[in-house]
Amino acid sequence: MQLTGILDTRAVKVLGAVSSKKRLFHELGELAREAYGLDASLVMDALIAREALGPTGVGHGVALPHAHIPGLERVSGAFVLLEKPVDFGAVDRQPVDIVFALFAPEQAGVDHLKALALVARTLRAPALCAKLRANPDSSTLYTILTESQPVAA
């Protein structure tokens, strides 16, 4: 599994001022609508419901919100770089500015877990996160993310 298989170029965005986690989930819903044709409200509600189980802020300014979306055919993602970090209830209590959301079919099972592990491994690299933070352009962010992995044979 590669990020190019789950992340569409239209699902990468830089956002200026997002006032809350809920507002961020609204923006992620809109990105999912634009890139994958999903119902934005459904995506937002699913992310909020999942977040109610426990925060998905993994530390070091990174969050990995994820949810199962009815009717979705394959695991898909959306990446947002926030110009102004937002409180996410992260494990290290640091605000979040790098957000990679995953949307999975209801019966995704292993594929959802593989995608989550892939994104977590990718964004665990401090040098990569620094590079993302230094390049506030959507197409550049997509390139940085997708070229950060070796190409599968």
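These notes cover the structure that comes with them. (Residues numbered from 1 in each chain as written. Predicted model: local features only at pLDDT ≥ 70, side-chain atom pairs only at ≥ 80, totals over all residues. Heavy atoms only, no water.)

**Things to note about the overall build of the chain**
Argument step 1. Looking only at helices and strands, the chain has five helices and six strands in total.
Argument step 2. Element order for the chain, N to C, with α for helix and β for strand: β-α-α-β-β-β-β-β-α-α-α.
Argument step 3. Taking 2.2 N^0.38 as the reference for a compact globule, 153 residues should give roughly 15 Å; the C-alpha atoms of the chain span a radius of gyration of 14 Å, in line with that estimate.
Argument step 4. Overall, the C-alpha framework of the chain stretches about 40 × 35 × 25 Å when taken along its three principal axes.
Argument step 5. Burial analysis of the chain (153 residues in total) assigns 50% to the buried set. (Helix = DSSP H or I, 4+ residues; strand = E, 2+ residues; numbered from the N terminus. Rg over C-alpha atoms; globule rule 2.2 N^0.38 Å. Buried < 20%, exposed > 50% of the residue type's maximum accessible area, 1.4 Å probe, protein only.)

**Here's the deal with helix 4 (residues 126–133)**
Argument step 1. All of the buried residues along helix 4 are Leu-128, Cys-129 and Leu-132. In an axial view of helix 4, the angular spread of the buried residues amounts to 100°, which keeps them on one side of the axis. Seen from the buried face of helix 4, the exposed residues on the opposite side, beyond 90 degrees, are Pro-126 and Ala-127.
Argument step 2. Looking at the packing, one finds that the buried side of helix 4 touches strand 3 (62–63), strand 5 (76–86), strand 6 (96–104), helix 3 (110–123) and helix 5 (138–146). (Arc of directions from axis to C-beta. Contact = heavy atoms within 4.5 Å.)

**Regarding the environment of Glu-147**
Argument step 1. By the element assignment, Glu-147 lies in the segment after helix 5.
Argument step 2. Under the relative-accessibility criterion, Glu-147 is labelled exposed at 62%.
Argument step 3. Put simply, Glu-147 and Leu-3 are 144 residues apart on the chain and 8.9 Å apart in space, counted from C-alpha to C-alpha.

**Some words on the nonpolar core**
One recurring pattern in soluble globular proteins is that nonpolar side chains are buried together.
Argument step 1. Residues Phe-79 and Leu-123 are the most contacted members of the largest nonpolar core, which totals 54 residues.
Argument step 2. Top element by residues in this core is strand 6. It accounts for eight residues.
Argument step 3. Residues contacting Leu-123, with those up to four places away along its chain left out, are Val-62, Leu-64, Ile-98, Phe-100, Leu-128, Cys-129, Leu-132 and Leu-145. (Core = buried A, V, L, I, M, F, W, Y, C linked by side-chain atoms within 4.5 Å.)

**Comments concerning the packing of aromatic side chains**
Argument step 1. If you walk through the whole model with that rule in mind, you get two aromatic pairs.
Argument step 2. Look at Phe-79 and Phe-100: their rings are 6.2 Å apart centre to centre, the planes differ by 65°, and that puts the pair in the edge-to-face class. With Phe-79 in strand 5 and Phe-100 in strand 6, this residue pair connects regions lying 21 residues apart in the sequence. Taken as a pair, Phe-79 and Phe-100 share a single burial class, namely buried. (Phe/Tyr/Trp six-rings, centres within 6.5 Å; stacked < 30°, edge-to-face > 60°.)

**Examining the pattern of salt bridges**
Argument step 1. Going through the model one piece at a time under the given rule, you end up with seven salt bridges.
Argument step 2. Taking the shortest distance from any N to any O, the salt bridge between Glu-27 and Lys-13 comes out at 3.9 Å. Of this pair, Glu-27 sits in helix 1 (residues 21–36) while Lys-13 sits in strand 1 (residues 7–15), and the two are 14 residues apart along the sequence.
Argument step 3. Note on Lys-13: relative accessible area 29%, which makes it partly exposed.
Argument step 4. When the shortest N-O distance is used, the salt bridge between Glu-34 and Arg-33 registers 3.9 Å.
Argument step 5. Glu-34 sits in the partly exposed class, given a relative accessible area of 41%. (Salt bridge = Lys/Arg side-chain N within 4 Å of Asp/Glu carboxyl O.)

**Quick look at the pairing of strand 5**
Argument step 1. Of all 11 residues in strand 5, eight are buried, a share of seventy percent or more.
Argument step 2. Pairing of strand 1 with strand 5 involves five bridges; the strand directions are parallel. The partner of Lys-13 across the bridge, within strand 5, is Val-80.
Argument step 3. The pairing of strand 5 with strand 6 spans seven bridges and is antiparallel. In the sheet register, Val-86 faces strand 6, and the bridge partner there is Val-96. (Pairing = 2+ DSSP bridges.)

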